[in-house]
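Now for the letters of each chain:
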Amino acid sequence: MKFLIVFVALFAVALAAPGSDGEAQVVRSNSDVGPEKYNYAYETSNGIQAEETGDLQNIGSEHEAISVKGSYSFVGDDGVTYTVNYVADENGFQPQGSHLPVGPQP
């Protein structure tokens, strides 16, 4: 639960922080935060988009953990829209995107 509160607070700060495009406006923002799950989505006028869902797993056990799935997109300086899809769970943060390097396979 503490993680969720901290996460939501950091998310709010990130939305409020000025970026390189100080004129960008939030054009869509949705969130639903509960004690065992949350989701949010937002979009800005400069092409940034993000969405994420998180669910508490193994509730009440000593292995209680949060599992997160989401994505974010932004327009690079080259005019190309870059998208990252990710999962963060007991296996760590696992991003995927066509512009990201791929490590060697085990």
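See the structure shown above.
Please read these numbers as outputs of a predicted model, since none were measured by experiment.

Let us now look at the overall build of the chain. Helix and strand counts for the chain stand at one helix and six strands. When its helices and strands are written in sequence order, the chain yields α-β-β-β-β-β-β. The buried share of the chain, reckoned over its 106 residues, is 19%. A separation of at least 24 residues holds for 18% of the contacts in the chain among residues at least 6 apart in sequence. By element, 53% of the accessible surface of the chain is carried by carbon and sulfur atoms, the whole surface being about 7700 Å².

Another aspect to go through is the nonpolar core. Of all hydrophobic cores here, the largest spans six residues; its members are Tyr38, Tyr40, Tyr42, Ala50, Val68 and Tyr86. Broken down by element, this core gets its largest block of residues, three residues, from strand β2 (residues 37-44). If we ignore the near neighbours within four places in the chain, the residues touching Ala50 are Tyr40, Ala41, Tyr42, Ser71 and Tyr72.

Let us now look at unusual backbone geometry. Residues other than glycine seldom take positive phi values, yet Asn58 does so here, at roughly 55°. With respect to the helices and strands, the residue Asn58 is situated in the loop between β3 (49-57) and β4 (65-75).

What follows covers the side chain of Thr44. Considering the arrangement of structural elements, one finds Thr44 in strand β2. Among the residues examined, Thr44 registers a relative accessible area of 12% and is labelled buried. Setting aside anything within four residues of it in sequence, one finds Thr44 in contact with Gln25, Val26 and Val27.

All right, on to the sheet that holds β3 then. The strands that make up a sheet are held in pairs by hydrogen bonds between backbone atoms, and each pair lies either parallel or antiparallel. Read from one edge of the open sheet, six strands run β1-β2-β3-β4-β5-β6, paired in antiparallel fashion. Each end of this open sheet is capped by a strand with a single partner; those strands are β1 (26-33) and β6 (92-96). Put simply, the sheet's adjacent strands are angled 10° from each other on average, direction ignored. Sheet topology places β2 next to β3; seven bridges connect them, and they run antiparallel. In the strand pairing of β3, Tyr38 is matched with Gly54.

With that out of the way, let us pick up the environment of Phe74. Considering the arrangement of structural elements, one finds Phe74 in strand β4. Phe74 gets classed as partly exposed once you look at its relative accessible area, which sits at 30%. Leaving out residues up to four positions away in the same chain, Phe74 has contacts with Gly47, Ile48, Val80, Thr81 and Tyr82.

What counts and what doesn't
Residues numbered from 1 in each chain as written. Predicted model: local features only at pLDDT ≥ 70, side-chain atom pairs only at ≥ 80, totals over all residues. Heavy atoms only, no water. Helix = DSSP H or I, 4+ residues; strand = E, 2+ residues; numbered from the N terminus. Buried < 20%, exposed > 50% of the residue type's maximum accessible area, 1.4 Å probe, protein only. Contact = heavy atoms within 4.5 Å. Areas by Shrake-Rupley, 256 points an atom, 1.4 Å probe, with all protein chains shown as cover. Core = buried A, V, L, I, M, F, W, Y, C linked by side-chain atoms within 4.5 Å. Pairing = 2+ DSSP bridges. Axes fitted to C-alpha atoms, helices over the stretch in contact; angles between N-to-C directions.

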